[in-house]
There are 2 protein chains.
Amino acid sequence: MLKEKFNVAVVGATGAVGQAIVQILEERNFPIDELRLLASKNSVGKVVMFKGEGVTVQEANTDAFKGIDIALFSAGGSVSKALAPAAVKSGAIVVDNTSAYRMDANVPLIVPEVNIERAKDHNGIIANPNCSTIQMVVALKPILDKWGIKRIIVSTYQAVSGSGVKAVQELKNQSQAILEGKTDFPKEILPVGSLPKHYPIAFNAIPQIDVFEDNGYTKEEMKMVNETMKIFEDDSIQVTPTAVRIPVVNGHSESVYVETKESFTMDEVVAALSNFKGLQVVDQLEEQEYPMPAVIDGQLDVFVGRIRKDLYNDKGINMWVVADNLLKGAAWNAVQIAEYLTKTEEVWNKK
Amino acid sequence: MLKEKFNVAVVGATGAVGQAIVQILEERNFPIDELRLLASKNSVGKVVMFKGEGVTVQEANTDAFKGIDIALFSAGGSVSKALAPAAVKSGAIVVDNTSAYRMDANVPLIVPEVNIERAKDHNGIIANPNCSTIQMVVALKPILDKWGIKRIIVSTYQAVSGSGVKAVQELKNQSQAILEGKTDFPKEILPVGSLPKHYPIAFNAIPQIDVFEDNGYTKEEMKMVNETMKIFEDDSIQVTPTAVRIPVVNGHSESVYVETKESFTMDEVVAALSNFKGLQVVDQLEEQEYPMPAVIDGQLDVFVGRIRKDLYNDKGINMWVVADNLLKGAAWNAVQIAEYLTKTEEVWNKK
């Protein structure tokens with residue numbers, strides 16, 4: 001029988017996504033017995049507020065998961081690789097927000113609006129897709145279901161919050177320096193902290209997110225390719241991505257061109273998108289209504305606008321997809337999966 | 001016989017593009033006899049420096065073009081409509097940077113790297129294309145020449161300078177206000193000054209540039225469609241555009257997917273782009289080298305990077321195209337045309 005309350009661990013509790021997870025757990029009134037906040041040694045002893053009470057951060061290590069039912073990981077791929085198996089061994093189901101296990105054939109890759117039933121196939125770990133993939137597949141799922149999808153050509157406009165709290169601070173510091181007329185200021189985080197070259201993101205656009213792979217695409221771009229095929233369970237779907245960082249604090253936008261297999265009318269497309277749970281259509285051109293990252297910041301849903309037929313291809317649709325990358329792109333998607341776990345006896349029978 | 005020096009008028013001399021034109025005329029040591037700076041009544045009497053001397057701005061009206069050989073217009077479409085015919089009647093050749101005459105069948109639409117010979121077909125007026133079109137067709141021309149082009153899917157990342165000096169100030173003011181934690185600040189210019197709704201551009205992305213047309217595309221997007229067909233003299237080229245304003249001061253970027261008619265190798269494509277005059281390839285991934293708007297600001301050429309084959313279509317190429325929208329996208333393209341006029345006797349024989 002299902003428990004009424006669960007012991008929940010948040011690994012990476014002091015990071016941008018971890019903080020958002022704690023906030024959503026509170027807002028959603030998640031059925032929590034114990035909330036255990038875990039992080040690296042540097043953050044041990046910090047106090048995070050949850051439902052009016054302070055929770056002290058403990059060290060994330062292999063012994064930290066005793067009694068935990070659900071462990072939400074967002075402390076980087078290496079931490080997940082090191083600790084997720086221990087959490088599973090302790091009896092927890094892991095919802096992992098890193099790229100560590102996403103393409104593992106034994107790990108379901110879940111966007112609840114798209115394929116939540118697949119969570120039942122878990123072997124202890126369930127993976128959360130990359131932010132840029134999540135919002136795109138939510139917007140595409142109703143199109144896939146009704147008309148099939150042949151190919152997708154997508155250009156992203158990604159916020160700096162996806163690179164963490166320090167990247168947000170870097171954008172703000174650089175913006176202030178440039179407004180004061182300075183030409184020399186620190187550039188340390190973007191595009192990729194661990195790589196030798198860093199460029200200003202303030203008042204700039206950087207066509208690199210994550211490292212380059214041998215085929216000339218970035219790892220971020222290849223995530224969109226591979227994760228989309230896995231989530232839609234269709235290796236024939238062609239995704240051509242260009243991932244770009246722009247000076248937005250929070251909220252990713254995507255210019256998406258999609259070619260369907262079957263014919264449609266635009267009224268049917270708009271109806272399908274409008275009726276899809278988790279997706280909000282904001283598309284009143286005469287009122288200048290369309291989604292924008294600075295406006296949807298803090299909201300849980302995916303927003304779509306500028307929905308229009310291709311000028312040439314009767315099976316081509318263009319649209320503009322915006323979501324809060326920290327929430328739907330990470331924390332909220334993970335908590336959605338966790339909420340499903342709390343309501344689904346079947347997922348626990350495997351333990 | 002060709003003159004050695006020319007009387008040149010700049011209409012809209014105090015605007016963002018007009019100022020850039022005056023600066024380039026000086027830098028290029030343009031063969032000028034008299035430089036006449038014209039603007040609306042509000043700017044009459046202002047003094048603009050040219051080669052160390054002050055030039056007083058005069059009123060732009062139908063009588064202002066006596067003796068002028070070349071008139072460079074960038075004061076808005078309505079001013080061009082009102083005054084360009086008078087300038088032509090006075091004996092000038094007009095290079096018009098507005099959209100007033102671009103699609104006029106009697107007016108050549110010129111990007112010098114692409115179709116400068118067509119300038120000879122003028123009937124007094126030569127049109128400068130829209131900024132977002134210019135940089136795209138420069139990057140596509142070497143591909144068109146060698147392999148033909150079937151279709152283009154382009155998403156733009158456009159700077160605020162394209163909306164004028166006031167839009168740049170608005171971006172800076174809004175950025176400062178947000179950095180100071182203010183949530184209420186003026187929004188007056190973007191996305192379209194004359195429309196009722198205005199949104200913040202600071203730390204945001206706005207998927208509207210210019211007004212919407214009945215087909216759901218913006219006027220900016222349809223300029224890319226129609227001007228590309230006219231410049232390439234090929235109505236079969238399919239352009240699918242999404243035009244987006246981002247918080248960059250100056251420099252437009254474009255994510256361009258192009259499908260060719262004939263097969264190529266990527267080495268051939270990179271060589272063709274590298275050898276094309278006016279185009280600079282910046283594409284060393286192992287060195288993290290690619291074009292960015294904040295870096296190429298102030299340069300005359302078009303820059304292209306992230307050149308890579310589509311993952312599926314053997315005739316598909318993705319690339320990232322960046323240019324200074326005030327220079328190559330407007331002022332420099334106009335001065336390039338004017339330089340051609342100073343060297344080409346044939347264009348004057350029509351007068």
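Note that residues are indexed from 1 along each chain, following the sequence as it is written. To label them, take the chains in the order written and letter them from A, then take the ligands in the order written and number them from 1. Residue-level local features of this predicted model are given only where pLDDT is at least 70; pairs of side-chain atoms are given and counted only at 80 or more, and the full residue set underlies all totals for whole chains, interfaces and linings. Side-chain measures were taken over the full set of non-hydrogen atoms in the model, leaving aside hydrogen atoms and water.

If you check an unreviewed UniProt entry, chain A appears there as Aspartate-semialdehyde dehydrogenase from Desulfuribacillus stibiiarsenatis. UniProt positions are given in the numbering used here, feature names are shortened, and annotations may be inferred rather than shown by experiment. Turning to chain A, the UniProt record has this under Sequence similarities (unreviewed entry): "Belongs to the aspartate-semialdehyde dehydrogenase family." The UniProt entry for chain A carries the following comment under Catalytic activity (unreviewed entry): "L-aspartate 4-semialdehyde + phosphate + NADP(+) = 4-phospho-L-aspartate + NADPH + H(+)".

> Tell me about the UniProt feature "binding site: phosphate" (unreviewed entry) in chain A, and name the residues and values.
Residue and element names in this part refer to chain A. Within this structure's numbering, the places UniProt gives as "binding site: phosphate" (unreviewed entry) are R102. The way it works is that DSSP assigns letters per residue, a run of H or I at least four long becomes a helix, a run of E at least two long becomes a strand, and they are numbered from the N terminus. Within the secondary structure, R102 sits in the loop between β7 (93-96) and α3 (112-115). Note on R102: relative accessible area 5%, which makes it buried. Residue contacts follow a heavy-atom distance rule, with two residues in contact if any of their heavy atoms lie within 4.5 Å. Contacts of R102, omitting those with residues within four sequence positions, involve N97, V107, L109, A127, N128, P129, N130, K223, E227 and K230. Counted as a polar contact is a pair of N or O atoms within 3.5 Å, where, for protein atoms, one must be capable of donating a hydrogen and the other of accepting one, and residues adjacent in sequence contribute only when both atoms are in side chains. From its side chain, R102 meets the backbone oxygen of N128 in a polar contact 2.7 Å long. Note on classification: 1.4 Å probe, protein chains only; a residue is buried when its accessible area is under 20% of the maximum for its type, exposed when over 50%, partly exposed between these limits.

> A description of the pairing of strand β14 (residues 316-323) of chain A should follow, citing residues and the corresponding values.
Residue and element names in this part refer to chain A. Among the eight residues that make up β14, eight are buried, leaving the element largely enclosed by the rest of the structure. Across eight bridges, strand β11 (residues 252-260) lies against β14 in antiparallel orientation. Directly across from S253, in β14, lies its bridge partner V322. If DSSP finds at least two bridges between two strands, the strands pair. Two strands pair when backbone bridges link them, and strand β13 (residues 302-309) and β14 are joined in this way by six bridges, in the antiparallel orientation. Each residue of the ladder has a partner; that of R308, found in β14, is N318. The turn joining β13 and β14, which pair antiparallel and follow one another in sequence, is formed by six residues.

> An account of empty space enclosed by the protein is requested, with residue identities and associated values reported.
For each structure, a 1 Å grid was placed over the protein atoms alone; sets of points admitting a 1.4 Å probe that cannot get out are labelled cavities, open sets with protein on both sides within 12 Å along at least five of seven lines are labelled pockets, and lining residues have an atom within 4 Å of a point. Grid points are joined across faces, edges and corners, and a volume is the space filled by probe spheres set on the points. All chains considered together, the criterion is met by three cavities of 30 Å³ or more. Size it by volume and the largest cavity reaches roughly 50 Å³. In this structure, the largest cavity is lined by I153, V154, S155, T240, T242 and S255 of chain A together with I153, S155, S255, Y257 and N318 of chain B. Here the element with the most residues in the lining of the largest cavity is strand β9 (residues 149-157) of chain A; it accounts for three residues. Broken down by class, the residue content of the lining of the largest cavity amounts to four nonpolar, seven polar and no charged. The volume enclosed by the second largest cavity comes to roughly 40 Å³. Side-chain classes follow a simple rule in which Ala, Val, Leu, Ile, Met, Phe, Trp, Tyr, Cys and Pro form the nonpolar group, Asp, Glu, Lys and Arg form the charged group, and the remainder, Gly included, forms the polar group. Residues that form the lining of the second largest cavity fall into these classes: five nonpolar, two polar and no charged.

> Please set out the pattern of salt bridges residue by residue, giving values where relevant.
For this document, the term salt bridge refers to a Lys or Arg side-chain nitrogen within 4 Å of an Asp or Glu carboxyl oxygen. Counted by the stated rule, this structure contains 36 salt bridges over all chains. Salt-bridge contacts for R36 of chain A lead to E34 of chain A; the nearest nitrogen and oxygen are separated by 2.8 Å. Overall, E34 of chain A belongs to the partly exposed group, its relative accessible area being 29%. Across the pair K223 of chain A and D210 of chain A runs a salt bridge whose closest N-O atoms are separated by 3.8 Å. Remark: D210 of chain A occurs in the loop between α5 (165-179) and α6 (219-232) and K223 of chain A occurs in helix α6; sequence separation between them is 13 residues. The exposure class of K223 of chain A is buried, given its relative accessible area of 16%. With relative accessibility at 23%, the residue D210 of chain A sits in the partly exposed group. Residues joined by salt bridges that share partners form a network here, namely K150, E259 and D310 of chain A together with R151 of chain B.

> How would you sum up the UniProt feature "binding site: NADP(+)" (unreviewed entry) in chain A? Please name residues and give values.
All names here are of chain A. The sites that UniProt annotates as "binding site: NADP(+)" (unreviewed entry) are T14, G15, A16, V17, N42, S43, S161, G162 and N325. Maximum C-alpha separation among the annotated residues is 25.7 Å over a sequence range of 312 residues, too wide for a single clustered spot. Filtering the just-named annotated residues for those lining the second largest pocket gives T14, G15, A16, V17, S161, G162 and N325. Mapped onto the fold, S161 is located in the loop between β9 and α5. The contact partners of S161, leaving out residues within four places of it in the chain, are V168, V249, N250, N325 and L326. Position of G162 relative to the elements: it lies in the loop between β9 and α5.

> Outline helix α2 (residues 77-89) of chain A, listing residues and values.
Residue and element names in this part refer to chain A. For a helix, the expected span equals 1.5 Å multiplied by the number of residues minus one. With 13 residues, α2 should cover 18 Å at 1.5 Å per step; its first-to-last C-alpha distance of 18 Å lies within 8% of that length. The sharpest bend along α2 reaches about 40 degrees and sits at L83, with the proline P85 one to four residues further on. If you check which residues of α2 are buried, you get S80, L83, A84, A86, A87 and V88. Elements in contact with the buried residues of α2: β6 (70-73), β7 and β8 (125-127). Two axes are fitted around each residue, one to the seven residues ending there and one to the seven starting there, and the angle between them is reported as the bend at that residue.

> Quick one: what's the story with the relation of the copies chain B and chain A, residue by residue and with numbers?
Least-squares superposition aligns the copies on the C-alpha atoms of those residues with pLDDT at or above 70 in both. Structural alignment of chain B on chain A gives an RMSD of 0.0 Å, achieved by rotating through 180 degrees and translating 0.0 Å along the axis. Both chain copies can therefore be described as sitting about a two-fold axis.

> Just give me the short version of the packing of aromatic side chains, but keep the residues and values in it.
Centres within 6.5 Å are what make two rings of Phe, Tyr or Trp a pair, Trp counting through its six-membered ring; a difference in plane orientation under 30 degrees is then read as stacked, over 60 as edge-to-face, and the rest as tilted. Counted according to the given criterion, the structure contains 13 aromatic pairs over all chains. The interplanar angle of 55 degrees and the centroid separation of 6.2 Å between the aromatic rings of Y290 of chain A and F212 of chain B together place this pair among those described as tilted. Separated into two different chains, Y290 of chain A in the loop between β12 (279-281) and α8 (293-296) and F212 of chain B in the loop between α5 (165-179) and α6 (219-232) make up a pair that spans both. Per residue, the accessibility class of Y290 of chain A equals that of F212 of chain B, and both read buried. Where Y157 of chain B meets W320 of chain B, the ring centres are 5.0 Å apart and the plane angle is 70 degrees; that geometry is what we call edge-to-face. One end of the pair, Y157 of chain B, is in strand β9 (residues 149-157); the other, W320 of chain B, is in strand β14 (residues 316-323), with 163 residues separating them in the sequence. For the pair Y157 of chain B and W320 of chain B, one class covers both residues: buried. Grouped by ring-pair contacts, the aromatic residues Y157 and W320 of chain A together with Y157 and W320 of chain B constitute a single cluster. Taking NZ or CZ as reference, K187 of chain B lies 4.8 Å from the ring centre of F185 of chain B, over its face. Either the NZ atom of lysine or the CZ atom of arginine qualifies as a charge over a ring when it sits within 6 Å of the ring centre and within 35 degrees of the ring normal.

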